Amino acid sequence: METINNPQELQNLCLMLRSDGKKIGLVPTMGYFHEGHLSLMDAARKQCDVLIVSLFVNPTQFGENEDLDAYPHDLERDSRLAEEHGVDILFTPARDDMYFEDHCTWVEVPDLAANLCGKSRPVHFRGVATVVTKLFMTAQPHIAVFGQKDWQQLALIKRMVRDLNIPVNVQGHEIVREESGLAMSSRNVYLTAEEKSVAPNLQKGLKKMRDQVAGGETDPAKLKADLADFYAESIPGCSVDYIEIVDPENINILKKVDESALCAVAVQVGKARLIDNLLIKV
Ligand code: PAF
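Residues numbered from 1 in each chain as written. Predicted model: local features only at pLDDT ≥ 70, side-chain atom pairs only at ≥ 80, totals over all residues. Heavy atoms only, no water.

## Remarks on unusual backbone geometry
Among all residues except glycine, the phi angle is most often negative; among peptide bonds, the trans geometry is most common. The condition that has to hold: The helix and strand labels rest on DSSP assignments: H or I over at least four residues marks a helix, E over at least two residues marks a strand, and numbering proceeds from the N terminus. Burial here depends on accessible area, computed with a 1.4 Å probe over protein chains only, as a share of the maximum for the residue type. Under 20% is buried, over 50% is exposed, and the range in between is partly exposed.
In this structure, Y32 takes a positive phi of about 55° despite not being glycine. Position of Y32 relative to the elements: it lies in the loop between β2 (24-29) and α2 (35-45). Residue class for Y32 comes out partly exposed when judged on its relative accessible area of 23%.

Listed below in structure tokens is the structure:
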């Protein structure tokens, strides 16, 4: 495995690889790998000749009071894991190499950023769309794989690629969970043992909601209120950022659950802001 820090060097190499007919796969990450990241690498590995993983904690997608400086990192461990999972190139640019001091060009997908995480994190998706565009331009991938835990992010990137005619096949990969049901996340390290023992109720609540829908409940207000009650009882001290039921493709809020729906939640548990979701097929 080769490690490249310089975006220009990576772009030159990738343009050459493409002209040699190689199929490039990209897995964009912010590092501190867990099984979720590794499953994305494995999925991409099967479909490409050259697998690139980017590891960049993108400052522009963090708001002022968010955890940019505290974001966990362990480059040595990540390099070892990437190599074990067949990664050919680990791209680890410095902040200054990704963003010029006077950077002023942004990619925005406002309709898909309006709800869910976009509401409480107003700059987040502009930062994501911009850095993913930069990564696509740099690594020139044919395919790129993202996790479905960040469903809104995946939907937004798919829309961006469609709207801007970016020739990348964007794929979503199912959520990887711990045995307890807690979705894998780099931010799970912020949880205390006690918080970790109740955090799986995030997914339990989503499944209860799915059962309610299967039982005929179609009113989002009732479903959301019941889920909020369940979280208040089963995750002591948690604070719900949102519980929403949306159209899985355009992230519009549904007025009735009578079609395919995504229930998405964000809940602050101690220092960790946890997100999770469940697709409900009616
Ligand atoms: O999902 C993430 O880890 C990040 O949002 C991404 C896609 C790597 C962009 O920084």
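## Notes on helix α1 (residues 7-19)
Cut-off, in case you're wondering: A helix is expected to span 1.5 Å multiplied by its residue count minus one. Summarising the geometry, the arc corresponds to the directions from the helix axis toward the C-beta atoms. Only heavy atoms enter the contact rule, under which two residues are in contact if any of them lie within 4.5 Å. In the analysis that follows, any N or O atom pair within 3.5 Å is treated as a polar contact, provided that within protein one partner can donate a hydrogen and the other can accept it, and provided that, for residues neighboring in sequence, both atoms belong to side chains.
Over its 13 residues, α1 extends 18 Å from the first C-alpha to the last, a length consistent with the 18 Å expected when each residue adds 1.5 Å. Three or more residues of α1 are buried, namely P7, L10, C14 and L17. The arc enclosing the buried residues of α1, seen along the axis, measures out at 90°, which places them on a common side. Projecting away from the buried face of α1 at angles above 90 degrees are the exposed residues M16 and S19. For α1, the secondary structure elements touched by its buried residues are β1 (2-4), β2, β3 (50-55), β4 (89-91), α4 (95-98) and α7 (124-139). N-capping of α1 is provided by N6, with a side-chain oxygen placed 2.8 Å from the backbone N of Q8. G21 sits one or two positions beyond α1 and adopts a positive phi of about 85°.

## As for the site of the ligand
Inclusion rule: Here a residue is considered near a molecule or strand provided that any single heavy atom belonging to it is located within 4 Å of it. Accessible surface area values rest on a Shrake-Rupley calculation with a 1.4 Å probe, where residue burial reflects the displayed protein chains alone.
Near the ligand you find P28, T29, M30, N58, Q61, V128, V131, F146 and Q153, and these make up its full shell. In the environment of the ligand, an oxygen atom lies 2.6 Å from a nitrogen or oxygen atom belonging to the side chain of Q61. Q153 has a polar side-chain atom sitting 2.7 Å from an oxygen atom of the ligand. Burial of the ligand by the protein chains amounts to 88% of its free accessible area of 290 Å². Residue assignment for the shell around the ligand shows that the elements contributing at least two residues are β2 and α7.

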